[in-house]
Amino acid sequence: MPPLRFGTKIAYSSGALLDGIANQAVNIFIFFYVTAVCGVPGALAGVALAAGLVVDAVVDPLIGSLSDGWQSRVGRRLPFMIVGAPFTALFMVLIFSLPAALSGMALFAWLTFLSIGLRVSISLFLLPFNAVGAELSDDYAERSSIAAWRWGFAMLGALIAIVMGFGIFLGGEGGLSRRASYAPFALSAALVGMVGAAIAVRALLTMRDRQHPPVTNDGAMHVRLVRELGEVFRNQSFRTLFVGALLLFTSLSIHATLGLHANTYFWRMSPGQMQAVTLSLFGGLLLGAPLAGPFLKFMEKRTVLLIGMAGLALAFSIPATLRLLGLFPFTGTTMVAILSATVVVGGALMAAAAIAFASMMADAADEHEHLFGARREGLYFAGWAFASKAAAGFGSLVSGIALQAIGFKSGGEAAAAAAKLSPATIDWIGAIYGPGASLLALAAASTCLFYRLDAKKHARILTELDQRRAIASATAVAAAAPLAA
């Protein structure tokens, strides 16, 4: 398979704009919006948002399996992407437009429905989008390049969401508390994401020859799915990545869910200061994309992954821990500068780790074909998504329950000033979002020590797969010859 042209690689990767914009707009703003602005109690908000992630996590393997075997004129992945993108935009606008007339259980029910709809719509686009990226090249190094560009566009989308949120629609005095500003923010962000998705779909239409044919589907859907899932979990490489993702994304979810609460009450930042620190984080995540290339050229993917996870854990924990111990006296511009520098480094290392993670998952899919004779990219990335979303849902639930347990009161009064919260409550917010989340990131790194698929083993697998395909092709030609005669 010849290398991808640079322009084609960029066009495909632009689809990640929708991923970055939709996911980060929700991850950064939604929990604060529904609790501090709309007045949903923390525990109910956690349940509603977790429901979307948990239901989506259950549906993900079905989407992955269907996209592995779907047959259409435009290939097995594109039909799902074409449906998922517009529904993602629709649900994103709706979830940031909660009606003021709704309250209590009616508001909770509507929020739960929108949460489920949004998460499933994102998966309809994102799972096939990520899976097809593993099909565009079999080369060990080029896969890392594809993953790096895809990550870069996802982080660009995240930066767009942050700038639109903090800098345009939700900036200034009382910006985060202006309920009417959230709907136009969501609409504008969704439109940008749709442009990226449309460019990616068009690019993939021109690369159908690089995509693998559908797998053979035998038996009823529910029976086949159970069989395929059992097959996937028999691969030790996949199991290791799956458990590592569960731990890592739980850590990220707790940190992100409580991010605005910690910035508002623990660090006592203004919206402008929050924007500076958040932009620094995503600037680091974006910077990590070009840095991943040199790292992955001279190091094994697992090594890059471990360094990135450890760096992220340190970035999460050190500033908040020092503040809790009374060893971080800085405020104002100095505090923002230190926090920004910390998250830039942690974000860059995390980006390199995430790129290595995605590339390792594609390599594990090759190993799966070597072991079981079928390509399951859709199920592999669905498994990764299942881990990330189930963990994110659990993280949201834990965050919501924790807020209620430590005495945080939802609604406008609590959002007005940190002075209305007790010092113990504020300290608990910092402890959970900082050192608490970092322990899970370190546990994820420890788990990934058991991943054993390196460059040499992957090269041997590809050689044997090429030999098998050549034999299968020759056998098919020989079988067809008498029929042609």
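Structure's up top.
Owing to the predicted nature of the structure, the values given are computational and were not obtained by experimental measurement.

Novice: Describe the nonpolar core, and please don't skip the residues or the numbers.
Specialist: The biggest cluster of nonpolar side chains holds 146 residues, and the ones touching the most others in it are F29, Y33, M92, F96, Y182 and W267. Here this core gets 18 residues from one element, more than from any other, and that element is helix α13 (residues 332-372). The contacts of Y33, once residues within four sequence positions are left out, are C38, I95, F96, S97, L98, R179 and Y182. Residues I63, L124, L127 and A382 belong to the second largest nonpolar core, which totals 6 residues.

Novice: Lay out unusual backbone geometry with the relevant residues and their values.
Specialist: Phi is mostly negative for residues that are not glycine, and the peptide bonds are mostly trans. Unusually for a residue other than glycine, R268 sits at a positive phi of about 55 degrees. Residue placement: R268 occurs in the loop between α10 (259-266) and α11 (271-298). Given a relative accessible area of 53%, R268 falls into the exposed group.

Novice: Describe in detail the packing of helix α3 (residues 42-69) against helix α5 (residues 104-135), supporting the description with residues and values.
Specialist: Between two packed helices, what matters for the description is the angle formed by their axes and the separation of those axes. It is at 8 Å that the axes of α3 and α5 come closest, and there the two elements cross at 30 degrees. The angle between α3 and α5 places the two elements in the roughly parallel class. Note that α3 runs across α5; the crossing there is right-handed. Here α3 contributes L44, V47, A48, L49, A51, G52, L53, V55, D56, D60, I63 and S67 to the contact with α5, which in turn contributes M105, F108, L111, T112, S115, I116, R119, V120, S123, L124, L127 and P128. Within the contact of α3 with α5, the residues separate by chemical class into 16 nonpolar, 5 polar and 3 charged.

Novice: Run through the side chain of N23, naming residues and quoting values.
Specialist: Assignment of secondary structure puts N23 in helix α2 (residues 16-37). Polar side-chain contacts of N23 include one of 2.5 Å to the side chain of D19. Leaving out residues up to four positions away in the same chain, N23 has contacts with L18, R119, I122 and L126.

Novice: Help me get a handle on the packing of aromatic side chains, residues and values and all.
Specialist: If you walk through the whole model with that rule in mind, you get 21 aromatic pairs. On the numbers, 4.5 Å between centres and 40 degrees between planes, the contact of Y33 with Y182 is tilted. Residue Y33 is found in helix α2, and its partner Y182 is found in helix α7 (residues 182-205); the two are separated by 149 residues along the sequence. Side by side, Y33 and Y182 carry an identical accessibility label, which is buried. Relative to F328, the ring of W267 lies with its centre 5.5 Å away and its plane at 70 degrees, an arrangement referred to as edge-to-face. Taken together, the residues span a long stretch of sequence, with W267 in the loop between α10 and α11 and F328 in the loop between α12 (301-324) and α13 at a distance of 61 residues.

Novice: Before we move on, can you summarise the pattern of salt bridges with the specific residues and values?
Specialist: What the rule picks out here adds up to 13 salt bridges. The partner of E377 in a salt bridge is R76, and the shortest N-O contact between them spans 3.4 Å. Here R76 lies in the loop between α3 and α4 (78-95) and E377 lies in helix α14 (residues 377-405), a separation of 301 residues in the sequence. A residue is classified by how much of its surface remains accessible, and R76, at 1% relative accessible area, is buried. A salt bridge links R143 to D363, with the shortest nitrogen-to-oxygen separation between them at 3.2 Å. A residue pair is termed long-range when its members are at least 10 positions apart, and R143 in helix α6 (residues 140-169) and D363 in helix α13 qualify at 220 residues.

Novice: I'd like a description of the environment of V163, backed by residues and values.
Specialist: Tracing the backbone through its elements, the reader meets V163 in helix α6. On the basis of relative accessible area, V163 is assigned to the partly exposed category, the value being 36%. Along the primary structure V163 and A313 are separated by 150 residues, whereas in three dimensions their C-alpha atoms are 25 Å apart. Leave out the neighbours within four places in its chain, and V163 touches I168, Q275 and L279.

Reading the values: rules and limits
- Residues numbered from 1 in each chain as written.
- Predicted model: local features only at pLDDT ≥ 70, side-chain atom pairs only at ≥ 80, totals over all residues.
- Heavy atoms only, no water.
- Core = buried A, V, L, I, M, F, W, Y, C linked by side-chain atoms within 4.5 Å.
- Buried < 20%, exposed > 50% of the residue type's maximum accessible area, 1.4 Å probe, protein only.
- Helix = DSSP H or I, 4+ residues; strand = E, 2+ residues; numbered from the N terminus.
- Contact = heavy atoms within 4.5 Å.
- Axes fitted to C-alpha atoms, helices over the stretch in contact; angles between N-to-C directions.
- Parallel < 35°, antiparallel > 145°, perpendicular 65-115°, else oblique.
- Left-handed = near helix turned anticlockwise from the far one by under 90°.
- Nonpolar A, V, L, I, M, F, W, Y, C, P; charged D, E, K, R; others polar.
- Polar contact = N/O pair within 3.5 Å; in protein donor to acceptor, adjacent residues only side chain to side chain.
- Phe/Tyr/Trp six-rings, centres within 6.5 Å; stacked < 30°, edge-to-face > 60°.
- Salt bridge = Lys/Arg side-chain N within 4 Å of Asp/Glu carboxyl O.

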